[in-house]
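Analysis of the macromolecular model
The primary structure of each chain is shown beneath.
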Amino acid sequence: MTVDSNDLYAGTGEATEGTVYTAMGGGDWADIATEQAERGDEVLVINMGPQHPSTHGVLRLMVECDGETVTSIRPGIGFLHTGIEKNMEYRSWTQGTTFVTRMDYVAPLFNEAAYCLSVERLLGIEDKIPQRANDIRVLVMELCRIASHLIAIGTGGMEIGALTVMTIGFREREIILDFLEALTGLRMNHAYIRPGGVAIDLPETGIAQLRDLISWMEKHLPEYAAFCNENPIFKGRMVGIGYQDLSACFALGVTGPILRSAGYAWDLRKQQPYCGYETYDFDVITWDTADAYGRFRVRLDEMWESLKIVKQATDRLEASIGQPVMVDDPKIAWPATLALGPDGQGNSHEHIKHIMGESMEALIHHFKLVTEGFRVPPGQAYVPIESPKGELACHVVSDGGTKPFRAHMRDPGFNHLQSVPIQCEGGMLADIVVAIGSLDPVMGGVDR
Amino acid sequence: MSPESLPGEEKSVSKPVTDVEAAPKAGVEREDAQPDPILTPAVPEQQQPVATRKGMWSEGTGDTSGYSRIVRATDWPAPSDPPFGSWYDQVHARLATLVPDPYSKVVLDRGELTFHIPREKLTEVMQALRDDALLRFEFCASVSGVHYPDDAGAELHVAYHLQSMTHNRRLRVEVSCPDADPHVPSVVAIYPAADWHERETWDMFGIIFDGHPHLTRILMPDDWVGHPQRKDYPLGGIPIEYKGATVPPVDERRSYR
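What you are looking at is a predicted structure, and each value in this text was computed from that prediction instead of being measured. (Residues numbered from 1 in each chain as written. Chains lettered and ligands numbered in written order. Predicted model: local features only at pLDDT ≥ 70, side-chain atom pairs only at ≥ 80, totals over all residues.)

1. A closer look at the overall build of chain A
- Counting its secondary structure elements, chain A contains 19 helices and 10 strands.
- Relative to its 448 residues, chain A shows a buried fraction of 50%. (Helix = DSSP H or I, 4+ residues; strand = E, 2+ residues; numbered from the N terminus. Buried ≥ 20, exposed ≤ 12 C-beta atoms within 10 Å, placed from the backbone.)

Next up, the structure:
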């Protein structure tokens, strides 16, 4: 058997294929098992997914096992590829937010923020975003981070049998989604953060709802630590599993809680602040075990740090009620204002009256922006932000037109799945789901 | 007041025109139209425009706006010369001492430094950027392709986004290759993180990364024909009938450009 010397990952003398066993012809597993035992060739090839409940969506894993020990694992992705980046090239810059929000659907507001920050850099309006808009962005991003970590912890727990962690995780997440629904009109796929600011200001009851949310979280977040931190079964499944040290993280482009669980306090909110994160008081959580348990603890503690930021943002928003939430540039700022009507959100009657009866300029801006959109000066930008999973960035290229010339999302999950082999090979078959769960990939973001 | 001297009358077309050639035509600018500095930005002379946009509307749709003959060249950020300020000069000079003549173009735009590198030197440059203590871009965050059909001889670009965690700096390295010879050396041996990114760029743009250990499609099915994110690849879609009217698919719909 020749091994291609160009294959950096190939082992020496590996056979590329062996006997393929199948029970298709009405065969009996007992016969196959007997035949396999007689061969002495213990390699068992297992195809996990793409429809496997423990793979966080449509992730396919091609596993080779010797007994229950994983000798080789290769992830296969692309089953949720929806051509979002291509589609964005045919829609206006503002419509782009409705596409990116569907990528990593567990943390949609981060996709919008990364995209909008990139577009704003191209437009050269980074310094002109109103303070209140930035505070709202920080608020919704941190709420979204808590929701995303709850999913990561909850589904990760469910996969190892800790079902209660999942049920209470979704209970807390529901509180956050209720607030986001009151704010944006939708529980997910918000399209709320727009180039230039945010779509709509907080509702009148927003601050009160936030205070309720904070007190709810303060009451219930300790439950996770009480359920899991010292739980012997939980620790037995998590400690030492999915080990990936710092050099492997660097080599494979791994960021976020996985990098921080390896002991490196790298957080873009601190290192390369955006949206005014440098003015908030919070800590970067690290752990020193570089395993699935460490990532769980990092996520758990990060939720508390996010809650700290949410509190500070709430205070600031309470103090700045009435200030603008969109850039003061009628050629960029989406002109429509929304109001809460009896049938949900719709155009504000005051706004309709203004553009139809009072101001011709307002009508022209409305018409031009809604039909044509704004033009973005040519160039390219890459703005990274710290999403719950790691470095999320958007590389946008403009040719000066009303639509993105190219938009590419650098999703952290895409990189993290590359580290599945290094975390799982040599381990047990049952630990694959623990390692994958600790990576927290969302296939919508991975495949785009 | 004489009716002959009404203001703006010289622009009026209400008088019968005897000469057919002089009559205004649809889609043709009138002689008295003033050039609009916003609509026709100046093209830097030293730079070849790599993208142009003609008229107001997307390709293949009727243009009744009167602007159909306007050709707007894309005014890409011009190349920059040192000194750039900040840490950029240090990195720029250091790389030039490690690799002879590495730059085909350096662009500093909106605070982002881009090194355009000839593709023959890519691996050498990347190795130096990663290993040198003064550069130390130890982290390759992203690789993404861009297709510029108008950039003759360099239609396909690859942008590598590097991150130095040691120095907290970001750098973009960009290489290009012609459509007829879409080969770029792989950097997987230097940055293993680029593995899947290069596979995606091959999948989406058809750029072949020489030396990649396993250059196969990653997002599209293995038997897919074509590379979907190239500009000559249609978005696809079918017309939708709604209440008797037909709405064309989005890439054939008339839209502003």
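2. Focus: the overall build of chain B
- Tallying secondary structure elements over chain B gives 3 helices and 11 strands in all.
- Each helix (α) and strand (β) of chain B, taken in turn from the N terminus, gives the series β-β-α-β-β-α-β-β-β-β-α-β-β-β.
- Out of the 257 residues in chain B, the part that is buried amounts to 29%.

3. Considering the pairing of strand E8 (residues 379–387) of chain A
Residue and element names in this part refer to chain A.
- Within E8, 9 of the 9 residues are buried, which leaves the element mostly enclosed by the surrounding structure.
- Side chains of E8 alternate between two faces, with Gly 379, Ala 381, Val 383, Ile 385 and Ser 387 and Gln 380, Tyr 382, Pro 384 and Glu 386 buried alike.
- Pairing analysis gives 9 bridges linking E8 to strand E9 (residues 390–398), with the strands arranged antiparallel. Opposite Glu 386, over in E9, you have Glu 391 as the bridge partner. (Pairing = 2+ DSSP bridges.)

4. A word on the sheet that holds strand E3 (residues 69–76) of chain A
Residue and element names in this part refer to chain A.
- Taken in spatial order, the 3 strands line up as E1-E2-E3 in an open sheet, and their pairing is antiparallel. Each having just a single partner strand, strand E1 (43–48) and E3 make up the two edges of the open sheet. Neighbouring strand axes in the sheet, compared pairwise and without regard to direction, differ in orientation by 15° on average.
- Where strand E2 (residues 60–66) and E3 come together, 7 bridges link them in antiparallel fashion. Residue Arg 60 lies in a different strand from E3, and its bridge partner there is Gly 76. (Axes fitted to C-alpha atoms, helices over the stretch in contact; angles between N-to-C directions.)

5. Focus: the interface of chain A and chain B
- Counting residues at the interface gives 41 residues for chain A, matched by 40 residues for chain B.
- Of all the elements in the fold, those that place two or more residues in the side of chain A that touches chain B are helix H2 (84–88), helix H10 (246–251), E8, E9, strand E10 (406–410) and helix H16 (412–416) of chain A.
- Class assignment of the residues belonging to the side of chain A that touches chain B gives a composition of 15 nonpolar, 16 polar and 10 charged. (Contact = placed C-beta atoms within 7 Å. Nonpolar A, V, L, I, M, F, W, Y, C, P; charged D, E, K, R; others polar.)

6. Considering the environment of A:Gly444
Residue and element names in this part refer to chain A.
- With respect to the element layout, Gly 444 can be found in helix H19 (residues 443–447).
- A sequence separation of 75 residues divides Gly 444 from Leu 369, and the C-alpha atoms of the two residues are 30 Å apart.
- Setting aside residues no more than four positions away along its own chain, Gly 444 makes contact with Leu 80, Arg 102, Met 103, Asp 104 and Tyr 105.

7. Regarding the nonpolar core
Residues and elements named next belong to chain A.
- Residues Ala 114 and Leu 143 are the most contacted members of the largest nonpolar core, which totals 159 residues.
- For this core, the element with the most residues is helix H5 (residues 131–159), which contributes 15 residues.
- What Ala 114 contacts, discounting residues up to four positions off in sequence, is Val 383, Ile 385, Leu 392, Ala 393 and Cys 394. (Core = buried A, V, L, I, M, F, W, Y, C linked by C-beta atoms within 7 Å.)

8. Some thoughts on the environment of B:Val143
Residues and elements named next belong to chain B.
- Tracing the backbone through its elements, the reader meets Val 143 in strand E5 (residues 139–147).
- As a C-alpha pair, Val 143 and Leu 235 span 92 residues in sequence and 22 Å in three-dimensional space.
- Non-local contacts of Val 143, meaning those with residues more than four positions away in its chain, are made with Val 158, Tyr 160, Ala 194, His 197, Glu 198 and Thr 201.

9. What to know about the packing of helix H14 (residues 349–358) of chain A against helix H15 (residues 360–371) of chain A
All names here are of chain A.
- Packing of H14 against H15 brings their axes to within 6 Å, and their N-to-C directions diverge by 110°. Looking at the two axes, H14 sits roughly perpendicular to H15. Where H14 crosses over H15, the two elements pack in a sense that is left-handed. Contacts between H14 and H15 involve His 354, Ile 355 and Met 356 from the first element and Ala 362, Leu 363 and His 366 from the second.
- Tallied by class, residues from the contact of H14 with H15 come to 4 nonpolar, 2 polar and no charged. (Parallel < 35°, antiparallel > 145°, perpendicular 65-115°, else oblique. Left-handed = near helix turned anticlockwise from the far one by under 90°.)

10. Focus: helix H4 (residues 108–123) of chain A
All names here are of chain A.
- Between its first and last C-alpha, H4 extends 23 Å over 16 residues, near the 22 Å set by a 1.5 Å rise per residue.
- Of all 16 residues that make up H4, 16 are buried, and the element is covered over most of its length.
- Where H4 ends, the next residue or the one after it, Gly 124, has phi of about 75°, a positive value. (Expected span 1.5 Å × (residues − 1).)

11. Brief notes about the packing of helix H7 (residues 206–220) of chain A against helix H13 (residues 292–319) of chain A
Residues and elements named next belong to chain A.
- Their axes nearest at 11 Å, the elements H7 and H13 cross at an angle of 160°. With respect to H13, the element H7 is oriented roughly antiparallel. In this structure, H7 meets H13 at a crossing whose hand is left-handed. Here H7 contributes Ile 207, Leu 210, Arg 211, Ile 214 and Met 217 to the contact with H13, which in turn contributes Leu 307, Val 310, Lys 311, Thr 314, Leu 317 and Glu 318.

12. Topic: unusual backbone geometry
- The linkage connecting B:Pro82 with the following residue, B:Pro83, adopts the cis geometry, with an omega of 5°.
- You can see B:Pro83 is positioned in the loop between strand E2 (71–73) and helix H1 (88–98).
- You will see that A:Ala290, though not glycine, has its phi angle at about 55°, which is positive.
- Along the chain, the position of A:Ala290 falls in the loop between helix H12 (268–271) and H13.

13. Section: the sheet that holds strand E6 (residues 156–164) of chain B
All names here are of chain B.
- Taken together, 5 strands build an open sheet; the order of strands is E3-E4-E7-E6-E5 and the sheet is mixed. The open sheet has two free edges, formed respectively by strand E3 (105–109) and E5, since each of these has just one partner strand. Sheet twist, expressed as the mean angle between neighbouring strand axes with direction ignored, is 20°.
- Across 8 bridges, E5 lies against E6 in antiparallel orientation. Paired with Phe 139 across the bridge in E6 is Gln 163.

14. Concerning the confidence of the model for chain B
Residue and element names in this part refer to chain B.
- Here chain B shows a mean pLDDT of 79. Residues at 70 or above account for 78%.
- Confidence drops under pLDDT 50 across residues 23–37; counting only partners more than four residues distant or on other chains, this segment forms 11 contacts.
- As scored by the predictor, the complex reaches a pTM of 0.84 and an ipTM of 0.83. (pLDDT = per-residue confidence, 0-100.)

15. Examining helix H6 (residues 163–184) of chain A
All names here are of chain A.
- The terminal C-alpha atoms of H6 lie 31 Å apart, and with 22 residues this matches the ideal 32 Å at 1.5 Å per residue to within 8%.
- Along H6, the residues classified as buried are Val 165, Gly 169, Glu 172, Arg 173, Ile 176, Phe 179, Leu 180, Leu 183 and Thr 184. Mapping the buried residues of H6 onto a view down its axis gives an arc of 120°, with all of them on the same face. Opposite the buried face of H6, at more than 90 degrees from it, the exposed residues are Leu 163 and Thr 167.
- Elements that come into contact with the buried residues of H6 comprise H5, H7 and helix H8 (222–229).
- After H6 finishes, the residue Gly 185 shows a positive phi value of roughly 95°. (Arc of directions from axis to C-beta.)

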